[in-house]
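So the chains spell out like this:
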Amino acid sequence: MRRLLLIAMLFLATAAHAKTSTLAEYITALEHIHSLLSTHQLTLAKSEAIALLGSQIDVTFHADDSLLNAIAQARGADPALLTRIELTLAELRNSEPAGNAPDEKLLQKVAAEQNVPELAPGGEVASPIVSETPLMERIANNLLEMLRWIGKKVSQFIDWLLDFLPKRRVENPGATSGLRWIVFAVVALIVIALILLAIDSARRRRHGDADLLTSTAPLRSTRDDDPLSRGATEWERYAMQLANDSRFREAIRAWYHAVLVTCYSAGALHFRKGRTNWEYIASLAPSVAWRPELIRLTQSFEQQWYGSMQSTRDACDECRANARQILDELHASERGAA
């Protein structure tokens, strides 16, 4: 019965005391209710909470009736209820608008400072300063300044070298000056010698690079001794390079290796390490059509390679012709077999 009476009183108070309050007034009222609850003045806190029920705050929102009803029904200073009131106050203070109005004069002053004034009409554009001194004279002056700077640095270097000499009295004051010039001359000679060496080294390097670029002679390598180190076509190309460089003796060997490799690939000869050239010829049947040309080529090769230190172009051309005839017959027999 008592609870029903309390609910009726809350309803009547809500209808009777509905009014509009400012946000600041609402915050002040909640702070006072919080203070009353903290000091155990429960009756006054309830009556003020009932008075706030249904209030319109700044025509934007209503008072928190759930919070006010909880205060009206409270039986003591509930810590959870006090914390809820504190959180509500914190949110209301954050949403409270600033009390100070903006300074219109200050805003206008700042806006005026941001405006960039327009350029005044008229005026002249400054032309670039052109030196009246001729170009060659300016270059000569710059070179003179550079030489003076170099002379100053050399003089400082000489003074530094003279500091290492033993200190002693000199009756003739010009002795130190003479020594200075001697050291200066020695340093100058050393610098000139270094410059000449650098120029000579650069010239030699340029000539060396030119010789390297213009030389097309193939380099000798250990691969030249092994017939299987190259293919037949590669041996032919290598032989022509050697012949163009007048290395006829090596070109003859390259042609012979080209024939041997072609015979290996065609199955006419079977490579065996340590077998001599004449043993290869002996393994050929007398009915082989190109056997006489291989005998003549072998004779020419062994005569030029083992019997002489230098071969002629005619000998190289003869070996090339024999080799080409054998290679052509081998290729023709391979095409016929295919």
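Everything here concerns the structure above.
As the structure is a prediction and not an experimental result, all values here were calculated from the model. (Residues numbered from 1 in each chain as written. Predicted model: local features only at pLDDT ≥ 70, side-chain atom pairs only at ≥ 80, totals over all residues. Heavy atoms only, no water.)

## What about the sheet that holds strand β2 (residues 56-57)?
Move 1: On the basis of which strands lie adjacent, the open sheet formed by three strands has the order β1-β2-β3 and mixed pairing. Both edges of this open sheet fall to β1 (20-21) and β3 (61-62), since each of them pairs with a single strand only.
Move 2: Relative to β2, β1 runs parallel, the two being bridged by two bridges. Bridging across to β2, serine 21 finds its partner in isoleucine 57. (Pairing = 2+ DSSP bridges. Helix = DSSP H or I, 4+ residues; strand = E, 2+ residues; numbered from the N terminus.)

## As for helix α3 (residues 42-52)
Move 1: Those residues of α3 not exposed but buried are Leu42, Ala45, Ala49, Ile50 and Leu52. Along the axis of α3, the buried positions cluster into a sector of 160°, meaning they face one direction only.
Move 2: Two residues or fewer after α3 comes glycine 54, characterised by a positive phi angle close to 75°. (Buried < 20%, exposed > 50% of the residue type's maximum accessible area, 1.4 Å probe, protein only. Arc of directions from axis to C-beta.)

## A short note on the packing of helix α9 (residues 232-244) against helix α10 (residues 248-266)
Move 1: For the pair α9 and α10, the least separation of the axes is 8 Å and the interaxial angle reads 170°. The angle between the axes of α9 and α10 places the two elements in the roughly antiparallel class. In this structure, α9 crosses over α10, and the sense of that crossing is left-handed. Along the contact surface, α9 presents Ala232, Trp235, Glu236, Tyr238, Ala239, Met240, Leu242 and Ala243, while α10 presents Phe248, Glu250, Ala251, Ala254, Trp255, His257, Ala258, Val261 and Thr262.
Move 2: Counted by class, the contact of α9 with α10 contains 13 nonpolar, two polar and two charged residues. (Axes fitted to C-alpha atoms, helices over the stretch in contact; angles between N-to-C directions. Parallel < 35°, antiparallel > 145°, perpendicular 65-115°, else oblique. Left-handed = near helix turned anticlockwise from the far one by under 90°. Contact = heavy atoms within 4.5 Å. Nonpolar A, V, L, I, M, F, W, Y, C, P; charged D, E, K, R; others polar.)

## Points about the pattern of salt bridges
Once the charged atoms of two side chains with opposite charge are near each other, the side chains can pair.
Move 1: If you walk through the whole model with that rule in mind, you get ten salt bridges.
Move 2: Across the pair aspartate 224 and arginine 230 runs a salt bridge, and its minimum N-O distance is 3.0 Å.
Move 3: Judged by its relative accessible area of 9%, arginine 230 is buried.
Move 4: Between arginine 296 and glutamate 293 there is a salt bridge, with its nearest N and O atoms 3.4 Å apart. Of this pair, arginine 296 and glutamate 293 both sit in helix α12 (residues 291-307), three residues apart, roughly one helical turn.
Move 5: Each of Asp224, Asp225, Arg230, Glu234 and Arg253 takes part in salt bridges that share partners, so that together they form one network. (Salt bridge = Lys/Arg side-chain N within 4 Å of Asp/Glu carboxyl O.)

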